[in-house]
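Coordinate analysis (summary)
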Protein chains: 2
Amino acid sequence: MNLVKRLLLGRPLRSDRVAETLLPKRIALPIFASDALSSVTYATQEVLLVLSIGGLALLHLAPWVALAVVVLLAVVVASYRQVVHAYPSGGGSYEVVVRNLGRNPSLVVAAALMVDYVMTVAVSVAAGVDNIVSALPQLYPHRVWLAIAVIVLLIALNLRGARESGRAFAVPTYLFIAALGLTIVVGLTQFAAGHPPVAESAGWTIRPEQVDITGVAFVFLLLRAFSSGCTALTGVEAISNGVPAFQRPKAVNAGRTLVIMGVLAIFLFSGVTALSVIAQVRVAANPCDLIGFPTDCHSTGQRTVIAQLAGAVFGLDSALFFVVQAGAALILLLAANTAFNGFPTLASLLAQRRYLPRQLHTRGDRLAHSNGIILLGLVAIALIAAFEGSVTALIQLYILGVFTSFTLSQIGMVRHWNHELTGARGAQRRRIHGHRLINAVGAVLTATVLVVVLATKFTHGAYLVVIAIPVLYGIMRGIHRHYREVRRELEPERGDVVLPSRVHAVVLVSTLHKPTLRALAFARANRPDTLTALTANVDEGDTQVLRREWERHGIEVPLKVVESPYREITRPVIDYIKRIRRAGPRDLVCVYVPEYVVGRWWENLLHNQSSLRLVWRLRFEPGVLVVSVPWQLVSSHHQRIDRADHAPGRTRRGLG
Amino acid sequence: MNLVKRLLLGRPLRSDRVAETLLPKRIALPIFASDALSSVTYATQEVLLVLSIGGLALLHLAPWVALAVVVLLAVVVASYRQVVHAYPSGGGSYEVVVRNLGRNPSLVVAAALMVDYVMTVAVSVAAGVDNIVSALPQLYPHRVWLAIAVIVLLIALNLRGARESGRAFAVPTYLFIAALGLTIVVGLTQFAAGHPPVAESAGWTIRPEQVDITGVAFVFLLLRAFSSGCTALTGVEAISNGVPAFQRPKAVNAGRTLVIMGVLAIFLFSGVTALSVIAQVRVAANPCDLIGFPTDCHSTGQRTVIAQLAGAVFGLDSALFFVVQAGAALILLLAANTAFNGFPTLASLLAQRRYLPRQLHTRGDRLAHSNGIILLGLVAIALIAAFEGSVTALIQLYILGVFTSFTLSQIGMVRHWNHELTGARGAQRRRIHGHRLINAVGAVLTATVLVVVLATKFTHGAYLVVIAIPVLYGIMRGIHRHYREVRRELEPERGDVVLPSRVHAVVLVSTLHKPTLRALAFARANRPDTLTALTANVDEGDTQVLRREWERHGIEVPLKVVESPYREITRPVIDYIKRIRRAGPRDLVCVYVPEYVVGRWWENLLHNQSSLRLVWRLRFEPGVLVVSVPWQLVSSHHQRIDRADHAPGRTRRGLG
């Protein structure tokens, strides 16, 4: 077991090696920008899917929707560049809000970000698998299992630690940018040369879901398409959460990486959208609505927009088609990986501030926040399974959380600049005014989008997020309250602890064997004021045998038998101990429980079952100590030696 | 929780009330004979399904196959009547084999019987649901969940205890016998009167799976049909396992019930088969092989044979049709219930003889063997889920186990009579010869059928049983060996126990709060030779705070800090304790672990996580006691009061 863990996760890291794992820009870009860049693979597709509700009639509006998204993207990138410089400690949106808006908004942002991270994993992996299936259609029936396997792999990689996963993923990201960039350039060149690329779906017609789209319905559909296009913005904030992982000067490097990312995202998203219109790509939420779809629409799916474009430009059999698909799939997995960097950091921060369970703050082997990584992976797997890996279904849950944190962090930044203004003079004052303007525009725009998203996506699944964020908020408040109350309860006071006046030792006995004798000896070694052997009369015959053996061995400790009319030991033993406590309320009762220690897991099923419940219940009695007296069975020995041999770093460390 | 348990399971029974739960014949018949009688609902159908492989050509052979099954049934009933008289203690096949053939064959029978009980539940519930779905076709898509819900209900009913479930089920069994009997009589009368009933499927044709059926293939198919028909025999042995539950004279009453059951089973099975041929019932393993099947053969199923007959005789809209279906469904659920009586008794017997884990012998509330009931239910649910509730698939796994125990028990009975012969004289000797002949014929016949079943069903799923029985056998041998070795290891010897020379108390400390102070006080109350407070330096800042607090409170116990370069407490603490043990190998180390006791389950997630692993590891160190010092948080108080209030029988029992 330990050996497997070592092979998979590598050697554990010492605390003092944290500083070594800093990232240069060329490695940080693929790690932190992959989320935003990978959105390009599905953003255009989601815009087209919404417009398709009106059949072919509205598809020509796609470029205008895309333009609105690009403007928004530019504003949000500019806003977050300021966050990176103002708060280089890596708290990102959460820290901005905590510092400027106070506790309750910060918990809302934390909840929104947690939802966001989970959705990043689920959507990115589902979309990645869609792109794999577009290249290898025979995998279509297995896509949900494929997605789950990918998440399990990501969990394992991330339990190894940050840097190695970064390096492993750097090359494919650049491959994706190059391959998709080439597709766009070649496709536009073909268009300029007069023989534009034609998508495989160009000849298909879409059966409209809704035929009469005029007036309010038209505006609503357009807004909905815009909301879907806003998925292109997901992941923009990732860099602001990762600043401490950058090489020095951290803020400068992170800010530059953010701008590079923004330019690349705008180029790729615009290019894909333009090319989709040129190549006449047709998509529908349900392939059965596509008139002309060649295979059984129940058991096969459509190719992704990226796949259709690469196919149209290079041909569906060409090597370059497969390169584009591999790049798309890999950058999406890398995007999922972003969340595996961000979520555990955020959870650890919240756990440290006692809003989440303490064990999310414990650093595991390889310096990774193991518990957070595993938790994130499991929730994402559950979502993939629940929505059968459908990107379009999952994406409805994605954008709302993203824009909640966008809006709150921009409002926080406006407050930050207001604060900075006090005491500033002249040129500095004008500079701050400029900064504030950018964030104010960002706040207004993202708040507007938030309202639009809420209105247009609510019934399509976003309501789940509207439930999840307050629930998470409530849980965090509850945990915080609990820890605070416990802390207050445990605060030492003067004259608090009184030494118990007498110690009563009670040894639990079922049969007379070595563990019983050892428990009696150990109890006696602690020199109690009274010592009793206690047994419950579950079976009259067994009890008589025990009494006889007790006499035969001449054991001096008195054997007390309590009746057990309901054939269980818990209640009579608890009653007996309560009577001792009542007789001397300041006395201490030590209950010695002989216990078998076995070496193989299944042997635990064969022992110690009846005392488990008793030990659990005894914890509720004040003034009672439970002393487990382990008896190591022979089978446990190899286990002990095993563990000592494979213990992490034992030989390196000596015994200090 | 306790309240819910009480409402569902009733009050717990005292040990001395076991004798009250004896059953009169009219109640015992529905409980123990339902298994055999219910087989009638699917035995004919399974014969027809196999013959259908050859299309319509072979269906006329069904009565001959049924005749062979009826002969076998009569012989087996006669054989088991002798088992009931010879071994009235209720061990059934298992006891016969244990007494006459020794340990290894008896374990094979035990394994076969366990498989048999599990399959009884799975097959009966699946067939019961099929009959429900035949009456209410709209439930077809939910049949697997329906089956699982039924098993959960059976678990709950059986946890309440034997007699109540018997009474609850008595009426429906008689209803089934009456309703199906009436169907047969009315149907045959209609036939005699010249206008025979016509099944809804009479006009359909069957697409044969195998067209050329001649020579060896023909014989093989006929034997396979016979094997399938032998499902009519499943459950015949149930009464021999239930003798102690009968009213006195137990053996006589049980023997009479067995004969009544045999006559009823032969009448119903012959009648159903005859009527199926008359009404021209058509069935196929896959409804898509039925030419003429009216609905989508992928998403709907065929009606059961019983349902088709009741429909043909009374009409598919008639009240009587629904009565027959309700009776069939209910007797099948009652058959499943038989296993819930038999399995826990067998498991308890095996656990008492240390072939299964001890907790299967513990009698729970209401005198039922709760663990066995739950185990049986869970395995049956797993099988239903794995085979998607298909009776035909499950039945392949059923017959093999049944005939293994039939054969071995008949061989055992022959040996029993051989033994009885020694010393017998005259008339008695002739009587024994007669008894032996019956069992010998039974042994030869069932052994032949066992070989036929093995040959014809192996590749259709019976191979799973061929694997399962040896695996269970191996597990039982392993458990027995383990218990024997442990017992030998724990046998007290002279001069075995030496009183430890010195006691070292080590109190684990993370922060300085009330639980720590209490642990120190309790440790001191036990007057150890040395007393140390131990902390692991996971975080330098926290450790400094602890040191300062330690001084500020003026605590006299020395605080020992061990380094923890890998940010975990287990390894450094274990190392420290090992050093104490090395310095004084005869010394005792008591490790005091402060522990929080909380009232709500989720609070456990927020505490005690880091010490769990340490406590687990400490058990492997000899000469180390783990003393848990519970600190009852305020939230735990209401829990304690709750438990005391709802405790079973507390008020009735006083505090004795």
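Because the structure is a prediction, the values reported are computed rather than measured.

Cut-off values and rules
- Residues numbered from 1 in each chain as written.
- Chains lettered and ligands numbered in written order.
- Predicted model: local features only at pLDDT ≥ 70, side-chain atom pairs only at ≥ 80, totals over all residues.
- Pairing = 2+ DSSP bridges.
- Helix = DSSP H or I, 4+ residues; strand = E, 2+ residues; numbered from the N terminus.
- Axes fitted to C-alpha atoms, helices over the stretch in contact; angles between N-to-C directions.
- Parallel < 35°, antiparallel > 145°, perpendicular 65-115°, else oblique.
- Left-handed = near helix turned anticlockwise from the far one by under 90°.
- Contact = placed C-beta atoms within 7 Å.
- Nonpolar A, V, L, I, M, F, W, Y, C, P; charged D, E, K, R; others polar.
- pLDDT = per-residue confidence, 0-100.
- Buried ≥ 20, exposed ≤ 12 C-beta atoms within 10 Å, placed from the backbone.
- Expected span 1.5 Å × (residues − 1).

Let's shift gears to the sheet that holds strand 3 (residues 503-508) of chain A. Read across the open sheet, the 10 strands follow the order 5(A)-4(A)-3(A)-6(A)-7(A)-7(B)-6(B)-3(B)-4(B)-5(B); overall the sheet is mixed. Since the sheet does not close on itself, it has two edges, and those belong to strand 5 (559-563) of chain A together with strand 5 (559-563) of chain B, each with one partner. This sheet shows a mean twist of 30° between the axes of neighbouring strands, independent of strand direction. Here five bridges tie strand 3 (residues 503-508) of chain B to strand 4 (residues 530-537) of chain B, and the two strands are oriented parallel to one another. Pairing of B:His504 across the sheet is with B:Thr530, part of strand 4 of chain B.

Residue and element names in this part refer to chain A. It is the contact of helix 2 (residues 25-38) with helix 11 (residues 250-278), at a shortest axis distance of 10 Å, that shows an interaxial angle of 45°. Taken together, the axes of helix 2 and helix 11 are oblique relative to one another. Seen along the crossing, helix 2 lies across helix 11 with a hand that is right-handed. Where helix 2 abuts helix 11, its residues Lys25, Ala28, Leu29, Phe32, Ala33, Ala36 and Leu37 lie against Asn253, Arg256, Thr257, Ile260, Met261, Leu264, Ala265 and Leu268. In terms of residue class, the contact of helix 2 with helix 11 is built from 11 nonpolar, two polar and two charged.

Before going further, it helps to examine the confidence of the model for chain A. Residues and elements named next belong to chain A. Residues with a pLDDT of 70 or more make up 90% of chain A, whose mean pLDDT is 84. By mean pLDDT, helix 24 (residues 650-653) is the weakest element of chain A at 34, and helix 12 (residues 305-314) is the strongest at 94. Confidence drops under a pLDDT of 50 for residues 1-19, and excluding neighbours within four residues, the segment shows 23 contacts in the predicted structure. Predicted confidence is poor over residues 641-656, with pLDDT under 50, and the contacts of this stretch with residues over four places away or in other chains come to 10 contacts. The ipTM assigned to the predicted complex is 0.73, against a pTM of 0.72.

Bringing unusual backbone geometry into the picture now. In this model, A:Arg248 is joined to A:Pro249 through a cis peptide bond whose omega is -5°. Despite not being glycine, B:Gln280 has its phi angle at roughly 55°, a positive value. Within the secondary structure, B:Gln280 sits in the loop between helix 11 (250-278) and strand 2 (290-291). Under the C-beta neighbour-count criterion, B:Gln280 is labelled partly exposed, with 18 such atoms within 10 Å.

Here we take up helix 6 (residues 103-135) of chain B. Look at helix 6 of chain B: 48 Å from first C-alpha to last across 33 residues, which is about the 48 Å you get at 1.5 Å a residue. With respect to burial, helix 6 of chain B is a largely interior element, 30 of its 33 residues being buried.

We now examine the environment of B:Ile213. As for its placement among the helices and strands, B:Ile213 is situated in the loop between strand 1 (205-206) and helix 9 (215-229). Between the C-alpha atom of B:Ile213 and that of B:Thr456, which follows or precedes it by 243 residues, the distance is 15 Å.

It helps to recall that an α-helix has 3.6 residues per turn; residues three or four apart then point in one direction. Counting buried residues along helix 12 (residues 305-314) of chain B, 10 of its 10 residues qualify, which places the element largely inside the surrounding structure. Along helix 12 of chain B, the residues classified as buried are B:Val305, B:Ile306, B:Ala307, B:Gln308, B:Leu309, B:Ala310, B:Gly311, B:Ala312, B:Val313 and B:Phe314.

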